[in-house]
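Below, each chain spelled out in residue letters.
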Amino acid sequence: MNPAIIPIGKTFMSTGLPLFAGTNHRVANLEESTITFGRKEIELAEFEMPGLMKTREEYGNTKPLAGARITGSLHMTIQTAVLIETLIDLGADVRWASCNIFSTQDHAAAAIVQGRADAAGIPVYAWKGETLEEYWWCTLQALDWGNDVSPTLIVDDGGDATLLIHLGYEYEVKGEKPDPSTASNEEERVILQIIADVQDAKGMNYWHQFAKTVRGVSEETTTGVHRLYQRMQDNSLLFPAINVNDAVTKSKFDNVYGCRHSLVDAVMRATDVMLSGKRALVCGFGDVGKGSVQALQGQQARVAVTEVDPICALQACMSGLEVTTVEIALEQTDIFVTATGNKDIITAAHMSKMKHNAIVCNIGHFDNEIGVADLEEMLIAGDVEKIEIKPQVHEWRFLKSTHGPNNGPHSVIILAEGRLVNLGCATGHPSLVMSASFTNQTLAQIELNENAETIGKKVVTLPKALDEKVALLHLSKFGAELTTLSTDQASYIGVTPQGPYKPEHYRY
Ligand code: NAD
Ligand code: ADE
């Protein structure tokens, strides 16, 4: 770990790190070879991210983000590095943390701390393999700009940065100090502790002042967007929010085609298991599930799905898939993938009945789709053994079972400890698809910077014209030739020749 931060005074839990790091950074290492590798991969990625590069060309001179202070809580990958440098080129000051303990690409983080010949580096707080305590410490550092300065804008992925601000604010309203011993899980305990420590250090007005400065948040993913709509419904949303996920050029591309690339990439890097012929069960046939199924079918795996929604279940049937339940499929399945954004999908009880060496992984946002927390409790009770094959690949042996080899214990192989497998065991989605997602993020940040007051404390999506623009920016990369509508044709289908080409209710 680089020594940029010298702990003085009270440190946060077992991290040994001061509660507030000020203007410093913290990444895995800043060796020249790591920085050079990061910079080279950023340059390769730029060529594959035409949307972001054209956005730099279009807005680089007018600097619509001048004066903005942007805090990012989103996987610190090479693709995110290109997003960060786009925001900087548009005039913003930026600080960043990852939104997952395993997703940071350390060379990307190092290159961003170092900066470019024409732009200084920025403070990044992220490394691959953070503990939960380090993770929440990093999130706090990205949010706090030092000297009681807070961000004006937030880029969030999954809603953790937004959650910390809102929880901190709510405890101030109640005039209460959170009690970590009341937490129902380890992560909640850490969150309550960090809020309590911030109260001790800064008093009862820190998050109130903080929320006043924030003009808005743009949220990347399905799960984070759910949280935002819940807050809008119960009137607890503290600032405007843009739902980037539901731009068509995000969820119908990143969630589907991105996962189609990165799911099998991760399973193969992690296990090297032959996928063809294996029975795979994908839980959830939404956007991520659809991409995951296509990827496994591409490897000629025999795929089935589980669903709760009859529409998605019918779509699966019409795609030639078996629709079943986890319980029915349990004993025949070789590879389990959760993609629901829901909790308790594959439990420890399920895993206790699985085939020997069944692979279990999750591609949904949080780690509660698979019952790893329950396995941890069984570990303490001595009912299972956890064997590290390599980082982010673990064999869990069920010591009391008798359906393993020679009537002995069976094992399951859990990837990325039940967290996002494509970012924990591989490098996430490739640049081209992230270009579409992050062009939407950049447009959302400009919109919040310029029009937060018009949006109000609501969750909105970007206008369809911008969605179409994001698609257009990527077409030349494929050598695609668009057909131009004549005025007569346009009026016949009720649009203008320049678009938008579809009504709001169209589903793609
Ligand atoms: P979605 O809403 O389109 O799909 C989720 C599906 O799961 C829905 O069809 C729902 O009916 C189904 N479902 C819910 N509970 C279920 C249960 N108990 N059993 C079976 N099916 C169930 O959402 P999405 O866009 O596909 O996102 C899914 C998750 O993936 C979210 O957490 C999202 O944030 C995350 N995500 C991850 C990545 C990544 O790179 N790993 C990318 C995008 C989204
Ligand atoms: N989400 C999925 N893949 C990603 C990537 N490569 N970078 C950032 N966020 C991602």
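As a reminder, the structure under discussion sits directly above these lines.
Only a predicted model underlies this, so the values are computations on that prediction, with no experimental measurement involved.

Rules used throughout
- Residues numbered from 1 in each chain as written.
- Chains lettered and ligands numbered in written order.
- Predicted model: local features only at pLDDT ≥ 70, side-chain atom pairs only at ≥ 80, totals over all residues.
- Heavy atoms only, no water.
- 1 Å grid on protein atoms, 1.4 Å probe; cavity = no way out; pocket = protein on both sides within 12 Å on 5 of 7 lines; lining within 4 Å.
- Points joined across faces, edges and corners; volume = space filled by probe spheres on them.
- Nonpolar A, V, L, I, M, F, W, Y, C, P; charged D, E, K, R; others polar.
- Helix = DSSP H or I, 4+ residues; strand = E, 2+ residues; numbered from the N terminus.
- Buried < 20%, exposed > 50% of the residue type's maximum accessible area, 1.4 Å probe, protein only.
- Contact = heavy atoms within 4.5 Å.
- Near = heavy atom within 4 Å.
- Polar contact = N/O pair within 3.5 Å; in protein donor to acceptor, adjacent residues only side chain to side chain.
- Areas by Shrake-Rupley, 256 points an atom, 1.4 Å probe, with all protein chains shown as cover.
- Expected span 1.5 Å × (residues − 1).
- Pairing = 2+ DSSP bridges.
- Axes fitted to C-alpha atoms, helices over the stretch in contact; angles between N-to-C directions.
- Left-handed = near helix turned anticlockwise from the far one by under 90°.
- Phe/Tyr/Trp six-rings, centres within 6.5 Å; stacked < 30°, edge-to-face > 60°.
- Parallel < 35°, antiparallel > 145°, perpendicular 65-115°, else oblique.

K.L.:
Account for the layout of surface pockets, naming residues and giving values.
P.N.:
In this model, the second largest pocket occupies a volume close to 1,300 Å³. By residue class, the composition of the lining of the second largest pocket is 13 nonpolar, 11 polar and 16 charged.

K.L.:
Talk me through the side chain of Gln 441; I want residue IDs and the actual numbers.
P.N.:
You can see Gln 441 is positioned in helix α17 (residues 431-455). Judged by its relative accessible area of 1%, Gln 441 falls in the buried class. In this structure Gln 441 touches Leu 74, Leu 83, Val 155, Asp 156, Ser 218, Glu 219, Glu 220 and Val 244, once residues within four positions along its chain are discounted.

K.L.:
Explain the site of ligand 1 to me, using residue names and the numbers behind them.
P.N.:
Neighbouring ligand 1 are 26 residues; Thr 221, Thr 222, Thr 223, Val 288 and Glu 307 lie closest to it. Val 288 is positioned with one of its backbone polar atoms (N or O) 2.8 Å from an oxygen atom of ligand 1. In the environment of ligand 1, a nitrogen atom lies 2.9 Å from a nitrogen or oxygen atom belonging to the backbone of Ile 363. When isolated, ligand 1 has an accessible area of 860 Å², and the protein chains bury 85% of it. Going through the elements one at a time, α9 (222-233), α10 (248-271) and α11 (287-298) are the ones with two or more residues in the shell around ligand 1. Considering each element in turn, the shell around ligand 1 owes the most residues, three residues, to α10.

K.L.:
An account of helix α3 (residues 78-89) is requested, with residue identities and associated values reported.
P.N.:
Each full turn of the α-helix corresponds to 3.6 residues, which orients residues three or four apart in the same direction. Its 12 residues place the ends of α3 17 Å apart at the C-alpha level, agreeing with the 16 Å of an ideal helix rising 1.5 Å per residue. Among the 12 residues in α3, 11 count as buried, and that is most of the element. Those residues of α3 that fall on the buried side of the exposure criterion are Ile 78, Gln 79, Thr 80, Ala 81, Val 82, Leu 83, Ile 84, Glu 85, Thr 86, Leu 87 and Asp 89. By the N-cap criterion, in which a side-chain oxygen at the helix start approaches the backbone nitrogen of a residue two or three places on, α3 is capped by Thr 77, the distance to Gln 79 being 3.3 Å. At the exit of α3 stands Gly 91, carrying a positive phi of roughly 110°.

K.L.:
I'd like a description of the sheet that holds strand β1 (residues 26-27), backed by residues and values.
P.N.:
Spatial ordering of the open sheet is given by β1-β6-β3-β2-β7-β8-β9-β18, a layout of eight strands whose pairing is parallel. Strand pairing shows two members of the sheet lacking a second neighbour, β1 and β18 (459-460), which therefore form its edges. Here β1 runs beside strand β6 (residues 124-126); their pairing, made up of two bridges, is parallel. Residue pairing in the sheet places Val 27 in a bridge with Ala 126 of β6.

K.L.:
Describe the site of ligand 2, listing the residues and the values that go with them.
P.N.:
Close to ligand 2 lie Leu 74, His 75, Thr 77, Gln 79, Thr 80, Leu 423, Thr 427, Gly 428, His 429, Met 434 and Phe 438, which account for all nearby residues. Gln 79 is positioned such that a nitrogen or oxygen atom in its side chain is 2.9 Å from a nitrogen atom of ligand 2. At 2.8 Å from a nitrogen atom of ligand 2 is found a main-chain nitrogen or oxygen belonging to His 429. Elements supplying a minimum of two residues to the shell around ligand 2: α3 and α17. Looking at the shell around ligand 2, its residues break down into four nonpolar, seven polar and no charged.

K.L.:
How would you sum up the packing of α17 against helix α18 (residues 464-475)? Please name residues and give values.
P.N.:
Close contact between α17 and α18 brings their axes to 10 Å; oriented N to C, the two are set at 140°. The chirality of how α17 crosses α18 is right-handed. Residues Leu 432, Ser 435, Ala 436, Thr 439, Asn 440 and Leu 443 of α17 form the contact with α18, whose participating residues are Leu 466, Asp 467, Val 470, Leu 473 and His 474. Of the residues assigned to the contact of α17 with α18, the class counts are six nonpolar, four polar and one charged.

K.L.:
Before we move on, can you summarise empty space enclosed by the protein with the specific residues and values?
P.N.:
Scanning all chains against the criterion turns up two cavities of 30 Å³ or more. Taken together, Cys 99, Asn 100, Ile 101, Tyr 135, Asp 160, Glu 187, His 365, Phe 366, Asp 367 and Arg 419 form the lining of the largest cavity. Taken together, the residues of the lining of the largest cavity sort by class into four nonpolar, two polar and four charged. Taken together, Glu 85, Ile 88, Ile 112, Gly 115, Arg 116, Ala 119, Ala 120 and Gly 121 form the lining of the second largest cavity. Of the residues assigned to the lining of the second largest cavity, the class counts are four nonpolar, two polar and two charged.

K.L.:
How would you explain the packing of aromatic side chains if you had to name every residue and give the values?
P.N.:
Evaluated as defined, the whole model comprises eight aromatic pairs. Each ring, one from Tyr 206 and one from Phe 210, has its centre 5.9 Å from the other, and the planes form 45°; the classification is tilted. Of the two residues, Tyr 206 and Phe 210 are both situated in helix α8 (residues 206-213); the distance of four residues between them amounts to about one turn of the helix. Comparing Tyr 206 with Phe 210, the two get one shared label, buried. Taken together, a centroid distance of 5.1 Å and an interplanar angle of 50° make the contact between Trp 207 and Phe 210 tilted. Separated by three residues within a single helix, Trp 207 and Phe 210 lie in helix α8, roughly one turn from each other. Considered together, Trp 207 and Phe 210 belong to a single accessibility category, that of buried residues.

K.L.:
Which residues make up the packing of helix α6 (residues 160-174) against α9, and what are the values?
P.N.:
Relative orientation of the contacting elements α6 and α9 amounts to 30°, with a least axis distance of 10 Å. With respect to their mutual orientation, α6 and α9 come out roughly parallel. The element α6 and its partner α9 pack so that their crossing is left-handed. Residues Asp 160, Thr 162, Leu 163, His 166 and Glu 170 of α6 lie in contact with α9, whose contacting residues are Arg 227, Leu 228 and Arg 231.

K.L.:
Break down the environment of Ala 81 for me, with residues and values.
P.N.:
If you trace the backbone, Ala 81 turns up in helix α3. Distance in space between the C-alpha atoms of Ala 81 and Thr 15 is 26 Å, their sequence separation being 66 residues. Ignoring sequence-local partners within four residues, the contact set of Ala 81 consists of Ile 42, Met 76 and Ile 112.

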